[in-house]
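Here is what each chain is made of, one letter per residue.
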Amino acid sequence: MEFSSKILEKAVNEVSQLPGIGKRTALRLVLHLLKQPVEQTRFLSEALTTMREEIKFCKNCHNISDVEVCEICHNPARNHKIICVVEDVRDVMAIENTNQFKGIYHVLGGKISPIDGVGPSQLNITSLVEKVKLGQTEELIFALSSTMEGDTTNFYIFKQIKDFDIKTSTIARGIAVGDELEYADEVTLGRSILNRVPFENSLKSS
């Protein structure tokens, strides 16, 4: 792709680094920005800079937050004895949109995947086990995507906390095997949360 401007080329190259954005799409987006008022591009730039520099991760659940403790963890109306374990913040958003879950979350930040070089130490698993050790958690709900990596991660965590007096469950398989949680429709995902099953049962059926 030939560019008449090095400045334009640099902008296109940077935008094309985003997931799912190729060079042609990046060019279309950059040209669109050029047609907009300068103020609009400045607002976008400032919003991205502020997000990168000021956004925080909740010290309790690792969800994205503007403050040290996110709104969900800070909410006294939530059931803090039930923790839903998810892969990333997109899954928190997906489950929250169902309005069916009233507990709190724990964001792992990924799934165990040796092929991709992701091991347990690179995920927020230790802090989850520490929560369980405190004895204030009654149930862990495994809500990872029903993929091999998701199941491997579930089982690893299960082994870490199996000696503690805690109930473990997994979302019902209304979510098709191999599906990513964030793409499930709200009704199906909501029913999967409500109709969760003991984690040991999911081991027998897999």
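Residues numbered from 1 in each chain as written. Predicted model: local features only at pLDDT ≥ 70, side-chain atom pairs only at ≥ 80, totals over all residues. Heavy atoms only, no water.

- As annotated in an unreviewed UniProt entry, the protein carries the name Recombination protein RecR and is attributed to Flavobacterium buctense.
- Looking at the protein in UniProt, the text filed under Sequence similarities (unreviewed entry) is "Belongs to the RecR family."
- Database annotation for the protein, UniProt heading Function (unreviewed entry): "May play a role in DNA repair. It seems to be involved in an RecBC-independent recombinational process of DNA repair. It may act with RecF and RecO." (UniProt positions renumbered as here; feature names shortened; annotations may be inferred.)

1. Some words on the overall build of the protein
Line of reasoning, step 1. The number of helices and strands found in the protein is nine helices and seven strands.
Line of reasoning, step 2. Within the protein, contacts between residues at least 6 apart in sequence are counted, and of these 55% link residues at least 24 apart.
Line of reasoning, step 3. In the form shown here, the protein has an accessible surface area of approximately 12900 Å², with 53% of it arising from carbon and sulfur atoms. (Helix = DSSP H or I, 4+ residues; strand = E, 2+ residues; numbered from the N terminus. Contact = heavy atoms within 4.5 Å. Areas by Shrake-Rupley, 256 points an atom, 1.4 Å probe, with all protein chains shown as cover.)

2. Looking at a nonpolar patch on the surface
Line of reasoning, step 1. A contiguous nonpolar surface patch, about 530 Å² in accessible area, is contributed by L44, L48, M51, I55, F57 and I64.
Line of reasoning, step 2. No other element matches the three residues that helix α3 (residues 38-54) contributes to the nonpolar patch.
Line of reasoning, step 3. Within the secondary structure, I64 sits in strand β2 (residues 64-65).
Line of reasoning, step 4. Classification of I64 as partly exposed rests on a relative accessible area of 36%. (Patch = residues over 30% accessible without salt bridge, like charges linked within 9 Å, V, L, I, M, F, W, Y side chains within 5 Å. Salt bridge = Lys/Arg side-chain N within 4 Å of Asp/Glu carboxyl O. Buried < 20%, exposed > 50% of the residue type's maximum accessible area, 1.4 Å probe, protein only.)

3. Quick notes on the nonpolar core
Line of reasoning, step 1. Ranked by size, the top nonpolar core spans 34 residues in total, and within it C84, V86, Y105, L140 and I157 carry the most contacts.
Line of reasoning, step 2. Looking at this core, the elements that each hand over two or more residues are α4 (71-74), β3 (79-86), α5 (89-96), β4 (103-107), α6 (126-133), β5 (139-142) and α7 (148-161).
Line of reasoning, step 3. If we skip the residues at most four places from it in the chain, I157 touches V85, L108, I125, L128, L140 and F142. (Core = buried A, V, L, I, M, F, W, Y, C linked by side-chain atoms within 4.5 Å.)

4. Describing the UniProt feature "zinc finger region: C4-type" (unreviewed entry) in the protein
Line of reasoning, step 1. The UniProt feature table records "zinc finger region: C4-type" (unreviewed entry) at residues 58-73.
Line of reasoning, step 2. Annotation note: span residues 58-73, helix share 19%, strand share 12%, distance between end C-alpha atoms 8 Å.

5. Examining the pattern of salt bridges
Line of reasoning, step 1. One pass over the structure, following the stated rule, counts eight salt bridges.
Line of reasoning, step 2. The shortest N-O distance in the salt bridge between K59 and E68 comes to 3.9 Å.
Line of reasoning, step 3. Between R78 and E96 there is a salt bridge, with the nearest N and O atoms lying 2.8 Å from each other. Here the residue R78 occupies a position in the loop between α4 and β3, and E96 occupies one in helix α5, the gap between them amounting to 18 residues.
Line of reasoning, step 4. Overall, E96 belongs to the partly exposed group, its relative accessible area being 23%.

6. A short note on α6
Line of reasoning, step 1. For α6, the complete set of buried residues consists of L128, V129, K131 and V132. For α6, the arc enclosing every buried residue in end-on projection is 155 degrees, short of the 170-degree limit, so these residues lie on one face.
Line of reasoning, step 2. Contact partners of the buried residues in α6: β3, β4, β5 and α7.
Line of reasoning, step 3. With its phi angle positive at about 80 degrees, G135 sits one or two positions after the end of α6. (Arc of directions from axis to C-beta.)

7. Details of unusual backbone geometry
In most cases, non-glycine residues show a negative phi, while peptide bonds are predominantly trans.
Line of reasoning, step 1. Despite not being glycine, H62 shows a phi value in the positive range, around 75 degrees.
Line of reasoning, step 2. Here H62 lies in the loop between β1 (56-57) and β2.
Line of reasoning, step 3. Notably, N99 is not glycine yet its phi reads approximately 60 degrees, a positive angle.
Line of reasoning, step 4. On the secondary structure map, N99 appears in the loop between α5 and β4.

8. Regarding the side chain of S65
Line of reasoning, step 1. Structurally, the position occupied by S65 is in strand β2.
Line of reasoning, step 2. Relative accessible area serves as the criterion here: at 6%, S65 is assigned to the buried category.
Line of reasoning, step 3. Only 2.8 Å separates the side chain of S65 from the backbone oxygen of V67, close enough to count as a polar contact.
Line of reasoning, step 4. Setting aside its immediate chain neighbours within four residues, S65 contacts I55, K56, C58 and C70. (Polar contact = N/O pair within 3.5 Å; in protein donor to acceptor, adjacent residues only side chain to side chain.)

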